[in-house]
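Each chain, letter by letter, is given below.
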Amino acid sequence: MSDIIRLTAAELGEKLAAGEISSVEATQAHLDRIAAVDGDVHAFLHVNEHALDAAREIDARRAAGEQFGPIAGVPLAIKDVLVTTDQPSTSGSKILEGYMSPFDATVVARSRAAGLIALGKTNMDEFAMGSSTEHSAYGPTRNPWDFDRIPGGSGGGSAAAVAAFEAPLALGSDTGGSIRQPAHVTGTVGIKPTYGGVSRYGAIALASSLDQVGPVTRTVLDAGLLHDVIGGHDPKDSTSLDEQWPSFAAAAREGASGQVLKGLKVGVIKELPDSGFQTGVAASFRESLALMEAQGAEIVEISAPHFEYGVAAYYLILPAEASSNLAKFDSVRFGLRVTPDGTPTVEDVMSATREAGFGPEVKRRIILGTYALSAGYYDAYYGSAQKVRTLIQRDFDAAFAQVDVIATPSAPTTAFKIGEKIDDPLQMYLNDLTTIPANLAGVPGISIPSGLAAEDGLPVGIQFLAPAREDARLYRVGAALEAALVDSWGAPLLDRAPVLEGGNR
Amino acid sequence: MVSEITPDLVRHLGVLARIKLTDDEVSQLTGQLDAIVDNIAKVSEVATPDVAATSHPIPLSNVFRPDEVGQTLTPEQVLQNAPDAADGRFRVTAILGEEQ
């Protein structure tokens, strides 16, 4: 396997800046890796035919003396929910097959401006609805740790791409855990920023009050470097927070020194007992807590009595917002059009198009959302769910009055088998039990690898949550625990992942 | 609250959502939605009248931009993904059916 693809984005950026590697070489190495392994992994829906041109341009500009930021020339995989002018954007749906956006999402535009090389578009559950990437209209992505298992979802493609060394960096989106849960099952790092911290302009909307774009990487520092590029105020997103953010890469570097754990108060939620998690997931979680305690952190039991209502509230708010957002796929302005025989009205065409263009999970959630918003049910369902949101925010406020961060396992189980839960939507929804409260409250969350579950040898992640706007705290704490864990293992967790066949070792 | 998800209701929701559903889809969705609604109805247990609703996680107010012409798409860009277009406009089938 080529050494270039094993480098972190931070290391690769330094070698690019020092002239030891060109962006063309770095990009080619990743394209070769994709060619070798993506037939099995299927992380990518599209590989960018313009990637080498973009790399050549960065190399030329650098040769001409232009100064760039720390990750210029580094390849980037982009979740297909983000629109791009140079590649199709489908959001994993047949209804948008071949769609070419006339504009770039803000996070994509900022990535290009920072010299990142758009490598391709990654697979996802259709319109980001799912926890396994099995609901992609283009077939599932496979977990690089075990091809029979799911890579998480909805951003399984982005997580699998970085886990399989097909890209050092990827962009994801997280509506109820779609960045953090895939990180958990693939042994990678994922961050959902504070709501409004990263622009949603050009992210094909699922649930507008919950969606947030964020980094998907192999290390906390790499996530910070990418967050620094994509974050900050964007006038094109009216929910974007107009404020100054600190450097998250600097926060990660500070955290890696380990000193930040001394005196840190870490909250553990008593309503999420170990009995609710797979044995190896709970054990890995406890090991991480013990390691943090050994470095001076204080573990404090806290109560979040309303978290148990989070999944229920989420599966009312999300379908309600999604049923509105997806109304635009009506066969008129873009996307698929299916015209029934005879002399159909535009309404007949819409109904036939949406029948043919949406998959089963999307139909299920649109119908559920239409029900939740209908007259007579609105107050009982949607109105009540919005009140639960308030109660969960109050739980967070009370918790953060006592502790600096909250820690939970990132998901209840390790990666399950492809097909195992596909016919049981309720079981699928429960995968997001620990990640959903952050989206409902707007607070940031990070998942970093905490080890392997003893019973199945599959990756486990630990999630940290911080108050809104305190993303930097997550980078400090995440990097501190990451450093301690990698030190105790002797090497990064991904070094223990199976070597993929086709890799030119 | 007892949910009342029936095949007729699901069919009606399909009409409202502009999704033509097959009989198989209707029967499958009826069972699944019934189970889902039974589970999510628990939100009403704690949603008492004294609790305010939250529609947006980070409250913001009066988000305006300067009243200036911004970046806009050309008519060609707007129409580039249209399934059908004519004379610089989107073309669709009849808006009204014969019975309307």
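One can find the structure itself at the top, above this paragraph.
The following paragraphs examine the structure supplied in this document. (Residues numbered from 1 in each chain as written. Chains lettered and ligands numbered in written order. Predicted model: local features only at pLDDT ≥ 70, side-chain atom pairs only at ≥ 80, totals over all residues. Heavy atoms only, no water.)

**Quick word on the interface of chain B and chain A**
How large an interface is tends to be reported as the accessible area lost when its parts come together. The criterion, for reference: Whether two residues are in contact is decided by their heavy atoms, any of which lying within 4.5 Å being enough. Buried area is a sum: the accessible area each of two parts loses on coming together, probed at 1.4 Å, counted once for each and added. Counted as salt bridges are all cases of a side-chain nitrogen of Lys or Arg within 4 Å of a carboxyl oxygen of Asp or Glu. Side-chain atoms alone can form a polar contact between residues adjacent in sequence; in general such a contact is a pair of N or O atoms within 3.5 Å, and within protein one must be able to donate a hydrogen while the other accepts it. Strands here mean DSSP runs of E at least two residues long; helices mean DSSP runs of H or I at least four residues long; both are numbered from the N terminus. Classification convention: Asp, Glu, Lys, Arg as charged; Ala, Val, Leu, Ile, Met, Phe, Trp, Tyr, Cys, Pro as nonpolar; all other residues, Gly among them, as polar.
Contact with chain B, which involves 58 residues of that partner, is made by 65 residues of chain A. Taking both sides of the interface into account, the surface hidden between chain B and chain A amounts to around 5300 Å²; carbon and sulfur atoms contribute 67%. The largest per-residue losses of area from chain B upon contact with chain A belong to B:Arg18, B:Pro57 and B:Ile58, which jointly make up 12% of the total buried on that side. Here chain B is connected to chain A by three salt bridges. With a shortest N-O distance of 2.7 Å, B:Glu25 and A:Lys363 are connected by a salt bridge. Our count for the chain B to chain A interface comes out at 21 residue pairs in polar contact (both at pLDDT 80 or more). Counting residues per element, the ones that place at least two in the side of chain B that touches chain A are α1 (7-16), α2 (23-40) and α3 (43-46) of chain B. Top contributing element to the side of chain B that touches chain A by residue count: α2(B), with nine residues. In terms of residue class, the side of chain B that touches chain A is built from 34 nonpolar, 15 polar and nine charged.

**Focus: the sheet that holds strand β10 (residues 445-452) of chain A**
Residue and element names in this part refer to chain A. Under the convention used in this document: Should DSSP find at least two bridges between two strands, the strands are regarded as paired. Axes here mean lines fitted to C-alpha atoms, for a helix over just the part in contact, with angles spanning 0 to 180 degrees between N-to-C directions.
The strand order across the open sheet built from 11 strands is β1-β3-β2-β4-β6-β5-β10-β11-β9-β7-β8, with neighbouring strands paired in mixed fashion. Looking at the sheet topology across the chains shown, the edges are occupied by β1 (44-47) and β8 (298-302). Here the strands of the sheet are splayed against their neighbours by 30° on average, with no regard to which way each runs. Here strand β7 (residues 265-269) runs beside β8; their pairing, made up of five bridges, is parallel. Each bridged residue has a counterpart across the sheet, and for Gly267 the counterpart in β8 is Val300. Helix-sheet contacts for helix α10 (residues 279-294) involve β7, β8, β9 (405-409), β10 and β11 (459-465), and the interaxial angle to β11 is about 55°. This element, helix α17 (residues 471-489), spans β5 (189-192), β6 (213-217), β9, β10 and β11 of the sheet and lies at about 10° to β10.

**Some thoughts on helix α2 (residues 9-17) of chain A**
All names here are of chain A. Quick note on the threshold: Per-residue accessibility, obtained with a 1.4 Å probe over protein chains only, is compared with the maximum for each type, and a residue is labelled buried under 20%, exposed over 50%, and partly exposed between these values. Note that the arc is defined by the directions from the helix axis to the C-beta atoms.
By the burial criterion, the buried members of α2 are Ala9, Ala10, Leu12, Gly13 and Leu16. Along the axis of α2, the buried residues cluster in a sector spanning 165°; they form a single face. On its buried side, α2 packs onto α1 (3-6), α3 (23-41), α4 (51-63), β2 (75-79), β4 (169-173) and α8 (220-230). Phi for Gly19, located one or two positions after α2, is positive at around 80°.

**Here's the deal with the environment of A:Thr90**
Residues and elements named next belong to chain A. When you line up the elements, Thr90 lands in the loop between β2 and α5 (106-113). Take Thr90: its relative accessible area is 8%, and that puts it in the buried class. For the pair Thr90 and Thr8, spaced 82 residues apart in sequence, the C-alpha to C-alpha distance is 29 Å. In this structure, Thr90 is in contact with Leu45, Asp80, Leu96, Glu97, Gly98 and Tyr138, ignoring residues within four places of it in sequence.

**Considerations on unusual backbone geometry**
All names here are of chain A. Omega for the bond connecting Gly153 with Ser154 falls within 30 degrees of zero, at 10°, which places this linkage in the cis form. For Ser154, the location among the structural elements is in the loop between β3 (117-122) and α6 (156-163). Notably, His42 is not glycine yet its phi reads approximately 55°, a positive angle. Located in the positive-phi region is Ala128, a residue other than glycine, with phi close to 70°.

**With respect to the pattern of salt bridges**
Scanning all chains against the criterion turns up 23 salt bridges over all chains. Across the pair A:Asp104 and A:Arg112 runs a salt bridge whose closest N-O atoms are separated by 2.8 Å. Note on A:Asp104: relative accessible area 18%, which makes it buried. What makes A:Arg112 partly exposed here is its relative accessible area of 28%. For the salt bridge of B:Arg91 with B:Asp84, the shortest nitrogen-to-oxygen distance reads 3.2 Å. Given a relative accessible area of 24%, B:Asp84 falls into the partly exposed group. Within the structure, one salt-bridge network assembled from shared partners comprises A:Glu57, A:Arg61 and A:Glu66.

**Regarding the side chain of A:Ser111**
Residue and element names in this part refer to chain A. Topologically, Ser111 is positioned in helix α5. From its side chain, Ser111 meets the backbone oxygen of Val107 in a polar contact 2.7 Å long. Leave out the neighbours within four places in its chain, and Ser111 touches Leu76, Leu116, Leu171, Val229 and Ile230.

**Observations concerning the packing of α8(A) against helix α9 (residues 248-256) of chain A**
Residue and element names in this part refer to chain A. Note the cut-off: Roughly parallel here means an angle under 35 degrees, roughly antiparallel means over 145, roughly perpendicular means 65 to 115, and every remaining angle is called oblique. Each crossing gets its hand from how the near helix is turned against the far one by less than a right angle, where anticlockwise is left-handed and clockwise is right-handed.
Two elements in contact, α8 and α9, have axes separated by 7 Å at closest approach and are oriented at 160°. In this view, α8 runs roughly antiparallel relative to α9, as classed from their interaxial angle. For the pair α8 and α9, the sense of crossing is right-handed. Here Val220, Leu221, Gly224, Leu225, His227 and Asp228 of α8 come into contact with α9, specifically with Phe248, Ala249, Ala252 and Arg253.

**Quick notes on the layout of surface pockets**
Residue and element names in this part refer to chain A. The criterion, for reference: Every definition here rests on a 1 Å grid over the protein atoms only: cavities are sets of points where a 1.4 Å probe fits but cannot get out, pockets are open sets enclosed by protein on both sides within 12 Å along at least five of seven lines, and lining residues have some atom within 4 Å of a point. Grid points are joined across faces, edges and corners, and a volume is the space filled by probe spheres set on the points.
Its boundaries defined by the atoms lining it, the largest pocket holds a volume of some 500 Å³. Taken together, 25 residues form the lining of the largest pocket, with Thr8, Arg218, Thr219, Glu482 and Pro492 sitting closest to its centre. Contributing elements (two or more residues each) for the lining of the largest pocket: α2, α8, α9, β10 and α17. With six residues, α17 is the largest single contributor of residues to the lining of the largest pocket. Lining the second largest pocket are 19 residues, and of these Tyr99, Pro102, Phe103, Lys328 and Phe334 sit closest to its centre.

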